[in-house]
Every structure is written in structure tokens, then in C-alpha cells.
Amino acid sequence: MKFLHERFEVRTKERFEVIDVTDKVKEFIYNNSVTNGLLSISVPHTTAAIAINEAERGLMEDIVTSIRSLFNPERAWKHNLVDNNAHAHLAATFIGNSRCVSVVNGTIQLGRWQRVLLIEMDGPRSRLIELTFVGE
Ligand code: ZN
């Protein structure tokens, strides 16, 4: 059985941003010659999230628009008295900080249009993406 753990850094440029990190995830699978198992993709952050969806430019903007409208950054959230980013904590709570994907015969099991997306909600910052693989 293999247990692998790696992290890589992504520098975000905007307060809100959706970044396609699928190629880095595929590189990890390829570089480590893994064949079958489970891969966890996570961020050790409280104001960013990981999602799997289509990396279509308009949709990526719609994701940001929906987060802004659901978790209005202008609202008087209690946490804003601390560091003015309650919307990002709330959205990260609902979206989640990780996704788990199967790897079969050396291929990550994503559908044709599925991509791994880092969702930045309180950038710009340096973000870490952690990849943890268990399998063979
Ligand atoms: Zn905060």
C-alpha cells in the first residue's frame, strides 16, 4: 500500500477567484506512478474551498457571483469585527475544504467536463493545496 502526501502553492491575485488546478493534480498522479486508490484534494484554509465542476470562464464568474450574493460581504456579519472576511468563512463552510476522487488504472476519475477548482474568497494570498493518496 502507498501513502503519499504532497502540497503545492497557488498564489491568488484577486479577492475572489476560481482557479483550475486539475493539471497539477494530474501531474501528482503521473509523477508518483500511482495506479489505483483514493486521492484527497484539500486546502488547509478557512477562507478558500475546493470544488469539482466545469472550468468554463462564464461559470467560474457565476460561481463568484453566487458566493457574493449568498454570503454578502457587505452584510454586518459578527466575524467582520475581527478581520472583515465572514463571507469567505461562511462560503468555505458550505462548499467544503476538500474533495475525494478515485484513481483507476493511473487515471483520475473525473467526468469529461469535471475539473478541480480552487475557490479563493479572501485573496490575494498564498494558498496551499494538499494531495493525499492512499492505494497502490
Ligand atoms: Zn476571518
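Heads up: these notes are all about the structure in this document. Not measured: the values here are computed from a predicted model. (Residues numbered from 1 in each chain as written. Predicted model: local features only at pLDDT ≥ 70, side-chain atom pairs only at ≥ 80, totals over all residues. Heavy atoms only, no water.)

1. Some words on the pattern of salt bridges
Consideration 1: As enumerated under the stated definition, the model contains 7 salt bridges in all.
Consideration 2: Glu130 is the partner of Arg7 in a salt bridge, and the nearest nitrogen-oxygen pair spans 2.1 Å. In this pair, Arg7 sits in strand S1 (residues 2–11) while Glu130 sits in strand S8 (residues 126–135), placing the two residues 123 residues apart along the sequence.
Consideration 3: The shortest N-O distance in the salt bridge between Asp20 and Arg115 comes to 2.8 Å. With Asp20 in strand S2 (residues 17–20) and Arg115 in strand S7 (residues 115–120), this residue pair connects regions lying 95 residues apart in the sequence.
Consideration 4: Counted as one network, the salt bridges with shared partners bring together Arg15, Asp122 and Arg125. (Salt bridge = Lys/Arg side-chain N within 4 Å of Asp/Glu carboxyl O. Helix = DSSP H or I, 4+ residues; strand = E, 2+ residues; numbered from the N terminus.)

2. Notes on a negative patch on the surface
Consideration 1: On the surface, a cluster of negative charge is made up of Glu54, Glu56, Glu61 and Asp62.
Consideration 2: Relative to the assigned elements, Glu56 resides in the loop between strand S4 (48–53) and helix H2 (57–70). (Patch = residues over 30% accessible without salt bridge, like charges linked within 9 Å, V, L, I, M, F, W, Y side chains within 5 Å. Areas by Shrake-Rupley, 256 points an atom, 1.4 Å probe, with all protein chains shown as cover. Lys, Arg positive; Asp, Glu negative; His and termini not counted. Charge placed at Lys NZ, Arg CZ, Asp CG, Glu CD.)

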